[in-house]
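# A structural walkthrough
Chain residues, written in single-letter form:
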Amino acid sequence: MLSNKDYQLLHLNSTGYVVQCVCCDHFQVAFGNTLLVFTHQELSDFFDKITMILETSLCDKPNVKLFQFPTATPSVILAFTLNELKALTHLIEQAVVRKDVDIALTDLDLV
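Figured I'd write up the structure that's included with this text. (Residues numbered from 1 in each chain as written. Predicted model: local features only at pLDDT ≥ 70, side-chain atom pairs only at ≥ 80, totals over all residues. Heavy atoms only, no water.)

In a regular helix each residue adds 1.5 Å, so 26 residues correspond to 38 Å; helix α2 (residues 82-107) covers 37 Å between its end C-alpha atoms and thus fits that length. In this fold, the buried residues of α2 make contact with β1 (7-13), β2 (16-21), β3 (27-31), α1 (40-56), β5 (67-70) and β6 (77-80). Downstream of α2 by a residue or two, Asp109 has a phi angle that is positive, lying close to 60 degrees. (Helix = DSSP H or I, 4+ residues; strand = E, 2+ residues; numbered from the N terminus. Expected span 1.5 Å × (residues − 1). Contact = heavy atoms within 4.5 Å.)

See below:
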């Protein structure tokens, strides 16, 4: 279980959550039974990649795991359906919006 003092919850919904570690600033994206850990730049790059895939996809099989992402471990590949990719994009997008609002409010000394 996550401790509220160690992580800032950025977004939570029925598909998962996004938190940011207050110690190292890394992001954890929990989606289904998968937990992805990113630096800020890695999260931004991953979000851009999946957004581009969604914008250019001509997939007509929304429930088939056609979208695959290799990992550093050759025997582990993340696979998503079109619907899962949409849900993951929404989850990350909401977290990014929350983080941007927090930064803006901090810059204005409102937090």
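Still to come is the rest of the account.
The next point concerns the sheet that holds β3. A sheet is described by the order of its strands in space; here four strands give the open sequence β1-β2-β3-β4, paired in antiparallel fashion. Because the sheet does not close on itself, it has two edges, and the strands there are β1 and β4 (34-38). For this sheet, the mean angle separating the axes of adjacent strands, direction not counted, is 15 degrees. With six bridges connecting them, β1 and β2 associate as antiparallel partners. The partner of Leu9 across the bridge, within β2, is Val19. Relative to the sheet, α1 contacts β3 and β4, its axis offset from that of β4 by approximately 120 degrees. Against the sheet, α2 makes contact with β1, β2 and β3, and its axis sits at roughly 140 degrees relative to β1, the strand it touches most. (Pairing = 2+ DSSP bridges. Axes fitted to C-alpha atoms, helices over the stretch in contact; angles between N-to-C directions.)

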